[in-house]
Number of protein chains: 2
Amino acid sequence: MELDLAALRTFAAVIDEGTFEAAARTLHITPSAVSQRIKALEQQVGRVLVQRVKPARATDSGRVVLTLARQVAHLEQETMASLNPNTAQTSTLPLVVNADSLSTWMIPALARLAPEHRVLFDLHREDEYHSTALLREGTVMAAVTSVSEPVQGCTVETLGSMRYRALCSREFADHWFPDGPTAEALAVAPMLDFDRKDELQARFLRGFTRRRVHPPRHFVPGSSAFSDAVHYGLGWGLLPELHTGSDHGLVELDPARPIDVPLYWQRWKLESPLLTALTGAVREGAREALR
Amino acid sequence: MELDLAALRTFAAVIDEGTFEAAARTLHITPSAVSQRIKALEQQVGRVLVQRVKPARATDSGRVVLTLARQVAHLEQETMASLNPNTAQTSTLPLVVNADSLSTWMIPALARLAPEHRVLFDLHREDEYHSTALLREGTVMAAVTSVSEPVQGCTVETLGSMRYRALCSREFADHWFPDGPTAEALAVAPMLDFDRKDELQARFLRGFTRRRVHPPRHFVPGSSAFSDAVHYGLGWGLLPELHTGSDHGLVELDPARPIDVPLYWQRWKLESPLLTALTGAVREGAREALR
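Residues numbered from 1 in each chain as written. Chains lettered and ligands numbered in written order. Predicted model: local features only at pLDDT ≥ 70, side-chain atom pairs only at ≥ 80, totals over all residues. Heavy atoms only, no water.

(A) Summary view of the side chain of Glu42 of chain B. Residue and element names in this part refer to chain B. Here Glu42 lies in helix H3 (residues 31–45). The exposure class assigned to Glu42 is buried, which follows from its relative accessible area of 12%. Not counting residues within four places of it along the chain, the set of residues in contact with Glu42 comprises Arg47, Val48, Leu49, Val50 and Arg52. (Helix = DSSP H or I, 4+ residues; strand = E, 2+ residues; numbered from the N terminus. Buried < 20%, exposed > 50% of the residue type's maximum accessible area, 1.4 Å probe, protein only. Contact = heavy atoms within 4.5 Å.)

(B) Examining the side chain of Ser131 of chain A more closely. Tracing the backbone through its elements, the reader meets Ser131 of chain A in helix H7 (residues 128–136). Among residues more than four places away in sequence, those in contact with Ser131 of chain A are Val96, Glu126 and Thr145 of chain A.

(C) Summary view of the interface of chain B and chain A. Taken together, the contact between chain B and chain A spans 34 residues of the former and 33 residues of the latter. Where chain B abuts chain A, roughly 3000 Å² becomes buried across the two surfaces, and 63% of that area is made up of carbon and sulfur atoms. Where chain B packs against chain A, one counts four salt bridges. Between Glu17 of chain B and Arg196 of chain A there is a salt bridge, and its shortest N-O distance comes to 3.6 Å. The interface formed by chain B and chain A includes 10 residue pairs in polar contact (both at pLDDT 80 or more). (Buried area = accessible area lost by both parts, 1.4 Å probe. Salt bridge = Lys/Arg side-chain N within 4 Å of Asp/Glu carboxyl O. Polar contact = N/O pair within 3.5 Å; in protein donor to acceptor, adjacent residues only side chain to side chain.)

(D) Region of interest: helix H13 (residues 273–289) of chain A. Residues and elements named next belong to chain A. When the terminal C-alpha atoms of H13 are compared, their 24 Å separation across 17 residues agrees well with the 24 Å that a helix rising 1.5 Å per residue should span. Listed in full, the buried residues belonging to H13 are Leu274, Leu275, Leu278, Thr279, Ala281, Val282, Gly285 and Ala286. End-on view of H13: buried residues confined to an arc of 165°, all on one side of the axis. Structural note: H13 exposes Pro273, Arg287 and Glu288 on the side pointing more than 90 degrees away from its buried face. (Expected span 1.5 Å × (residues − 1). Arc of directions from axis to C-beta.)

(E) Summary view of the pattern of salt bridges. Residue and element names in this part refer to chain A. Overall, the coordinates contain 30 salt bridges over all chains when judged by the stated rule. A salt bridge links Glu241 to Arg291, with the shortest nitrogen-to-oxygen separation between them at 3.2 Å. Placement of Glu241 in helix H12 (residues 241–244) and of Arg291 in the segment after H13 is noted, with a sequence separation of 50 residues between them. Residue class for Glu241 comes out partly exposed when judged on its relative accessible area of 26%. A salt bridge links Asp254 to Arg257; the shortest N-O distance between them is 3.2 Å. Taking relative accessible area as the criterion, Arg257 reaches 28% and is therefore assigned partly exposed. Look at the salt bridges and you will find they share partners, linking Arg165, Glu241, Glu252 and Arg291 into a network.

(F) How the structure looks around the packing of aromatic side chains. Residues and elements named next belong to chain A. Enumeration according to the criterion identifies eight aromatic pairs over all chains in this entry. Three or more aromatic residues joined by ring pairs form one cluster here, namely Phe172, Trp176 and Phe177. A cation over a ring is seen here: Arg196 above Phe219, with NZ or CZ 4.1 Å from the ring centre. (Phe/Tyr/Trp six-rings, centres within 6.5 Å; stacked < 30°, edge-to-face > 60°. Lys NZ or Arg CZ within 6 Å of the ring centre and 35° of its normal.)

This is how it looks when you write it as structure tokens:
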């Protein structure tokens, strides 16, 4: 089966942009040309590839073809760039990064790569569960994740650990922990979770109290908002050391009990100088920032 | 039709927690009790309410019932709290907030409310498109949004405007704008977008160049990461004044052309002292932070 490069590119654009119209704009063709290419590709493959919803999504079969489309597009971009090093042709690197890495060490790490390579970053912010899905379906080429098992078709390496400390404001500690953060006090003091998938606070609680407690919870799904919520005394929560530094003016619940979250770099198995350079930059950035 | 309060509460917990098992844990009942209550509620209403996927989602009919469930739960919580002001009973306020408000003025505004009221915040971070969907389906009671048309069942009021400025690093300006940010230079200099729904940079470009240009784009979906990306010279982008302050050390593309994004407060029409107090706190926080 010989698939059409233009059709693969069009398919990827529809999924990236979310609609046939937006894909048409990006590719500088008409929406009806987009529609024809997708139909032709689906006939060739013998499966429906695109769910016609808003935003458009790949079907299960579509995901397999999408991975191929991304890899081909990437190799094609790199080949063109090496043939014409002086044109404005740029390569796009789609990556998924966990929120706390994105808000701390990731941008400085990526900035190392930008000057010599003509590269654009298409970053996605997702928790671990979704980040492996994005890798599997071919939406991203690499991930910073706490999942150590390699996704099919990917290699994995350790980046280091992000250290978190359980912190609260001075006023919060005075009000809720007059006798220190006892198990009884922690059962009723408001706790901060990033979202419903955030297990970090619960893990600290289990280790600290040695029993199951269910304190009232706020949900604050933003790295700097989460840090603000600790500083403004809405609740206690685990903050990355990279965020707070040492001079944070906060009260630590148990200085003997930091939590280290190991992070991994998963990337497509693909001979790609750019992906190799990116891996080098991420590795170096992680070595400086993580433990 | 008399709906069962416990069943409504169970239904809301399934949607909030994502699975029957997680809802069971929250409610301290067994998963099979959750399943029975949901089935009974579906029979009573005569419609399927829950899509049994991971995470569980409300069907179209489910969304209508969910709005009712949230409103009843909220009124019930408030009533209990006013009857027993000294118990640990707390009310949860589910809100959706746009990313730049969440990372700047929102937490200080919410912190005004916390001491006197026993209240927990269940914050969602979503762009405008999704935030009205969350209001409509009853997942949240109020929203900070740039959508001025009231969602059905909601009231709307103006909060003020968030002022953005187009900024880049000094090195970026030297490299890409040696003759200033001309239309030609802006057509090829890398631009930063938050995600594919972010129209702010495109809007600035249209106003500034007076024609359609399609520069290469990075996507950086995090407020502090976006600001980092500007500072590290990955691209130019619009930053909220609240983020940067005036002493930001960055180059402004056109000081005469800031962009003001009006923000609105949409909330359920519901007689609720807590929602009224929240509205007051948000209004006051916005008045100090916004224009």
